[in-house]
Amino acid sequence: MNTVAIIITTKNRKDDLTKTLQILLSYDLKDIPIYITDDASDFEISEINEIKCFSNIKVHKNKKSLGLIVNRNKMASIASEDILISLDDDSCFVGKPNFDELINFFNNNPLVCGVELNNAEIGQMHSLCESGEILQMYTGFGHAINR
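For clarity, every value in this text was computed on a predicted model and none was experimentally measured.

A. Up close: helix α3 (residues 68-78). The complete set of buried residues in α3 reads Asn-71, Arg-72, Met-75 and Ala-76. Each buried residue of α3 lies within a common arc of 140° when the element is viewed along its axis, so the set occupies one face. Among the exposed residues of α3, those oriented more than 90 degrees off its buried face are Ile-69, Asn-73, Ser-77 and Ile-78. At its buried positions, α3 is contacted by β1 (4-10), β2 (34-38) and β4 (83-88).

Okay, here's the thing in structure tokens:
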């Protein structure tokens, strides 16, 4: 059975990360493994109450800033799960993700190693095109990789 984890990097975005964690809690994702790397923030990364609500969260704090890609690769080397969902500290899922569907997709498409997820930057508006589809602005990350 494939397993899923969320990886998040952050630096000096306490309010953004707190909101992202609140959204994850609102989707009842308190038991999913979450790996957070604090890239040498100057203050606390989140409200402590939000972090305490998760049963399987691991936070690593860098002594000096290493950058996004180095941190994502570090989390990928630490995580033991098969599928890693990469989120920014200021973006989250638009709706509750269906992890079983994600796992099935990867199992049924073994040549696919990554997929985009439906996420949005917190507090940002979306535009509707003529067909009524939502056009998302660039959110940096919001994808899953199957390894």
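B. Broad picture of the side chain of Asn-2. On the secondary structure map, Asn-2 appears in the segment before β1. Side chain to side chain, Asn-2 and Asn-107 meet in a polar contact 3.3 Å long. When neighbours within four sequence positions are excluded, Asn-2 is seen to be in contact with Asp-82, Ile-83, Ile-103, Asn-107 and Asn-146.

C. Just the nonpolar core, in detail. Ile-6, Leu-24, Ile-34, Ile-85, Phe-93 and Leu-102 are the most contacted members of the largest nonpolar core, which totals 28 residues. For this core, the secondary-structure elements that each account for two or more residues are β1, α1 (14-26), β2, β4, β5 (91-93) and α4 (99-108). Beyond its immediate sequence surroundings of up to four residues, Ile-85 is in contact with Val-4, Ala-5, Ile-6, Ile-7, Phe-93, Phe-99, Leu-102, Leu-117, His-143 and Ala-144. Ala-5, Met-75, Ala-76 and Ala-79 belong to the second-largest nonpolar core, a separate cluster that totals 7 residues.

D. The sheet that holds β4, seen in detail. Sheet architecture is open: 6 strands sit in the order β3-β2-β1-β4-β10-β6, paired in mixed fashion. Edge strands, defined here as strands with exactly one partner in the open sheet, are β3 (57-61) and β6 (114-116). Strand-to-strand twist of the sheet, defined as the mean angle between neighbouring strand axes without regard to direction, takes the value 20°. Bridging between β1 and β4 involves 6 bridges; their strand directions are parallel. Looking at β4, one finds that Ile-7 is bridged to Ser-86. On the sheet, α3 packs against β1, β2, β3 and β4 and is oriented at approximately 150° with respect to β1. Against the sheet, α4 engages β1, β4, β6 and β10 (143-146), with an angle of about 125° to β4.

E. Representation of α1 within the structure. In this model, α1 (13 residues) spans 18 Å end to end at C-alpha, consistent with the 18 Å of a helix rising 1.5 Å per residue. Residues of α1 that are buried include every one of Leu-17, Thr-18, Thr-20, Leu-21, Ile-23 and Leu-24, and no others. Residues of α1 that are buried make contact with β1, β2, α2 (48-52), β4 and β5. Directly after α1, the chain includes Asp-28, whose backbone phi takes a positive value near 60°.

F. Quick look at the layout of surface pockets. Its volume calculated, the largest pocket comes out at about 160 Å³. The biggest single contributor to the lining of the largest pocket is α4, with 4 residues. Here the residues of the lining of the largest pocket sort into 6 nonpolar, 1 polar and 1 charged.

Scoring rules and cut-offs
- Residues numbered from 1 in each chain as written.
- Predicted model: local features only at pLDDT ≥ 70, side-chain atom pairs only at ≥ 80, totals over all residues.
- Heavy atoms only, no water.
- Buried < 20%, exposed > 50% of the residue type's maximum accessible area, 1.4 Å probe, protein only.
- Helix = DSSP H or I, 4+ residues; strand = E, 2+ residues; numbered from the N terminus.
- Arc of directions from axis to C-beta.
- Contact = heavy atoms within 4.5 Å.
- Polar contact = N/O pair within 3.5 Å; in protein donor to acceptor, adjacent residues only side chain to side chain.
- Core = buried A, V, L, I, M, F, W, Y, C linked by side-chain atoms within 4.5 Å.
- Pairing = 2+ DSSP bridges.
- Axes fitted to C-alpha atoms, helices over the stretch in contact; angles between N-to-C directions.
- Expected span 1.5 Å × (residues − 1).
- 1 Å grid on protein atoms, 1.4 Å probe; cavity = no way out; pocket = protein on both sides within 12 Å on 5 of 7 lines; lining within 4 Å.
- Points joined across faces, edges and corners; volume = space filled by probe spheres on them.
- Nonpolar A, V, L, I, M, F, W, Y, C, P; charged D, E, K, R; others polar.

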